[in-house]
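Each chain, letter by letter, is given below.
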Amino acid sequence: MTLFIGVMSGTSLDGIDVAVVEFATEGQFRLQAAQTFPYDSELRASLLRLIENQQCSLTELGQLDMAIGEASADAILHLLTQQNIAPNRIKAIGSHGQTICHAPDLELPFSLQIGNPSLIAERTGITTVSDFRERDMVAGGQGAPLVPAFHQSLFSSDAENRVILNIGGISNITVLSKEENSQPVAFDTGPGNVLLDAWIQRSLGAPYDDSGKWAAEGQYNEQLLTCLMEDAYFSRPAPKSTGRELFNAQWLSKLLDKCQAITTLSAEDIQATLARLTAVSIVDDIMRYAPETQAVYVCGGGAHNLHLLNQLSELLGPDIRLATTEAIGLSPDWMEACAFAWLAQQTILQRPGNLPSATGARKACILGGIYASSKAS
Ligand SMILES: Nc1ncnc2c1ncn2[C@@H]1O[C@H](COP(=O)(O)OP(=O)(O)OP(=O)(O)O)[C@@H](O)[C@H]1O
Ligand SMILES: CC(=O)N[C@H]1[C@@H]2OC[C@@H](O2)[C@@H](O)[C@@H]1O[C@H](C)C(=O)O
């Protein structure tokens, strides 16, 4: 039995997801335990300032790197103790870290994640794989999304054309065709929950729109939707990836200021329009890149937003089945953490982790850096 741990802190900045995963035979896995460890409000506020304003001192950056490393190590050790799993049973940790700057389209592209892996390896005594994105980028890729290789390995089907849809802060799709040897198209479609969270936080002070109830009280507005959809990201062809550097509270404020319809809209109408934007941008991309889709399986926190799921279902129409990834064997909350456990395994086995058909890289690469355990194995 080979156990790996995956650790993911996503663009929603809600905290650190940790999953303990068993990989038995090829193409099979079992989730043994998982938990989210929320960021404390001060750490979250510092991260948000850093990511959205892109300004901080080097000392502050170094301290945040260490603080997230500490929080990740604490989370891993807490889960292992609670589950009575000895650290020496874990082959390796795959730690994504917290993205603080993703810049795939610069002349010298880079993607920066923090959460010091030396600290994680030292504190846990477990070999830690980290810095997954940059190898793909230097091979000409976007460095994201990386989860599609895991989707392909574990969730392909020869019975139906599937899309795996992650709705985190940002949304991304993986198109899994039932044709043998087909390579998945996969990319970030744009905002997931990030604008919904920003607007409800600004209007009501709530962290997120629980089940989408607030959006369901409003009516979406076509004029505002058209304004929002004019952003060039939506019409750009794949491969492409994005993040909070583009879709953030400032992006929203700027477009709300520009749109004349805004004076007649209630705050909940704006929330309804943002939900519609997430749904329309996703479904437009599914229709463009995967018109033969038979089923869409949703994961990420957006899988709990019933209003968003209703919007998706309406736009997809009656012939495309919509369900959460629970229907194909994995709770929507743990997809990304499980994927980083799998990506760590790929690296340890010296196998590639990126999919060139998703990221646009020239070749498949072994991803990441390995921070060896200081304990003899
Ligand atoms: N019960 C719920 N109702 C509505 N929305 C929810 C609910 N639970 C979580 N969410 C949404 O999901 C978000 C968190 O999703 P998730 O953890 O998948 O994001 P992430 O992993 O940080 O992002 P990404 O995948 O972009 O890196 C929350 O910020 C919230 O908007
Ligand atoms: C740079 C970065 O952290 N990107 C995230 C983000 O969150 C969702 C989407 O944008 C995806 O491209 C990616 O994360 C997942 C884990 C991925 O690489 O597949």
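Residues numbered from 1 in each chain as written. Chains lettered and ligands numbered in written order. Predicted model: local features only at pLDDT ≥ 70, side-chain atom pairs only at ≥ 80, totals over all residues.

Per an unreviewed UniProt entry, the protein goes by Anhydro-N-acetylmuramic acid kinase and derives from Methylophaga lonarensis MPL. Here is the UniProt Sequence similarities (unreviewed entry) comment for the protein, exactly as written: "Belongs to the anhydro-N-acetylmuramic acid kinase family." One UniProt comment on the protein, placed under Function (unreviewed entry), says "Catalyzes the specific phosphorylation of 1,6-anhydro-N-acetylmuramic acid (anhMurNAc) with the simultaneous cleavage of the 1,6-anhydro ring, generating MurNAc-6-P. Is required for the utilization of anhMurNAc either imported from the medium or derived from its own cell wall murein, and thus plays a role in cell wall recycling." (UniProt positions renumbered as here; feature names shortened; annotations may be inferred.)

**Concerning the site of ligand 2**
Neighbouring ligand 2 are 17 residues, the closest being Thr-99, Ala-144, Pro-145, Val-147 and Ile-170. Of all the secondary structure elements, the ones that give two or more residues to the shell around ligand 2 are β4 (90–103) and β8 (170–176). Across the shell around ligand 2, the residue classes tally to five nonpolar, 10 polar and two charged. For the shell around ligand 2, the domains that each give at least three residues are domain 1 (2–143 + 335–371) and domain 2 (148–328). (Near = placed C-beta within 6 Å. Helix = DSSP H or I, 4+ residues; strand = E, 2+ residues; numbered from the N terminus. Nonpolar A, V, L, I, M, F, W, Y, C, P; charged D, E, K, R; others polar. Domains from an automatic or database assignment.)

**Details of the site of ligand 1**
Neighbouring ligand 1 are 23 residues, the closest being Gly-10, Ser-12, Gly-168, Asn-193 and Gly-301. Looking at the shell around ligand 1 residue by residue, the class counts come to three nonpolar, 15 polar and five charged. Summarising the domain contributions, the shell around ligand 1 has at least three residues from each of domain 1 (2–143 + 335–371) and domain 2 (148–328).

**Re the nonpolar core**
Residues Ile-5, Val-18, Ala-19, Ile-93, Ala-337, Cys-338 and Ala-341 are the most contacted members of the largest nonpolar core, which totals 107 residues. The element contributing the most residues to this core is helix α11 (residues 267–289), with 10 residues. Looking at which domains feed residues into this core, each of domain 1 (2–143 + 335–371) and domain 2 (148–328) gives three or more. (Core = buried A, V, L, I, M, F, W, Y, C linked by C-beta atoms within 7 Å. Buried ≥ 20, exposed ≤ 12 C-beta atoms within 10 Å, placed from the backbone.)

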